[in-house]
Each structure stands twice: as C-alpha cells, then as structure tokens.
Amino acid sequence: MPEMLTTEGRLARCKFRSWHRGTREADYMIGGFFDRYHADWGEEELAWFEALLEEDDVDIMAWALKTQVTPPRFQGALIEKMQKLDYVDIPR
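Calculation rules
Residues numbered from 1 in each chain as written. Predicted model: local features only at pLDDT ≥ 70, side-chain atom pairs only at ≥ 80, totals over all residues. Heavy atoms only, no water. Helix = DSSP H or I, 4+ residues; strand = E, 2+ residues; numbered from the N terminus. Contact = heavy atoms within 4.5 Å. Buried < 20%, exposed > 50% of the residue type's maximum accessible area, 1.4 Å probe, protein only. Core = buried A, V, L, I, M, F, W, Y, C linked by side-chain atoms within 4.5 Å. Salt bridge = Lys/Arg side-chain N within 4 Å of Asp/Glu carboxyl O.

Draft legend 1. Representation of the side chain of Asp-57 in the model. Looking at the element boundaries, Asp-57 is found in helix 4 (residues 57–65). When neighbours within four sequence positions are excluded, Asp-57 is seen to be in contact with Arg-21, Gly-22, Ala-26 and Ile-30.

Draft legend 2. Just helix 4, in detail. Burial in helix 4 covers these residues: Asp-57, Ile-60, Met-61, Ala-62, Trp-63 and Ala-64. Along its buried surface, helix 4 packs onto helix 2 (24–37), helix 3 (43–52) and helix 5 (77–84). Among the residues trailing helix 4, Lys-66 stands out with phi positive, at a value near 65 degrees.

Draft legend 3. Up close: the nonpolar core. Phe-33, Trp-41, Trp-48, Phe-49, Leu-52 and Met-82 are the most contacted members of the largest nonpolar core, which totals 22 residues. Of all the secondary-structure elements, those providing two or more residues to this core are helix 2, helix 3, helix 4 and helix 5. Here this core takes six residues from helix 2, the largest share from any one element. When near neighbours in sequence (up to four residues on either side) are disregarded, Phe-33 contacts Tyr-28, His-38, Trp-41, Trp-48, Phe-49, Leu-78, Lys-81, Met-82 and Tyr-87.

Draft legend 4. Up close: the pattern of salt bridges. Per the stated rule, a full pass over the model turns up seven salt bridges. A salt bridge links Glu-54 to Arg-17; its shortest N-O distance comes to 2.8 Å. Here the residue Glu-54 occupies a position in the loop between helix 3 and helix 4, and Arg-17 occupies one in helix 1 (residues 7–19), the gap between them amounting to 37 residues. Looking at Arg-17, the relative accessible area reads 26%, which means it is partly exposed. Between Glu-55 and Arg-73 there is a salt bridge, and its shortest N-O distance comes to 3.0 Å.

Shown next, in the form of structure tokens:
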C-alpha cells in the first residue's frame, strides 16, 4: 500500500528533495524557489511542484532560464515565478 503523507509531510519531503538535487546551482534554483513560495501553496501548487521534482535538473533549469520551452504540463504562474529568478540568494 502506498504511503499516505500529510501536507506537512509532503512539504518536508519537497524541501529535502529541492535542496538535495546534486549540484549547488540546482539546489539554489529549486530549493530557493521552494523556500520563497511554498507557504502560499494549496494542493494544486504542491502537486505541481512534486511533479516538477521528478524531472531532471538540467530540464528544470533550462525551463527556468528559458533556454528550453517549458512543457505544457508545467506552464503557468509557478514556472513564470521560477523564471524571474529573483528568489535565488547565493551566499558569498
């Protein structure tokens, strides 16, 4: 039987997965996006982000940087927020 997570559990899983992508650049882009916007998400936005996390980092980053066309299933307000990249805070 599949594990049923609460919304809090799903958010915790998303936070971990968004900050442990494999490269520092992806962590900042995807993790930073999660940190900035997740508090305002409802079920639809959370499901969108969970699906996004299943994609390859190179694709997510290309969509965020607009170097590849975003697939229809990910188009909309959330990817547009990600494309602004104004949430990326890189420690120096």
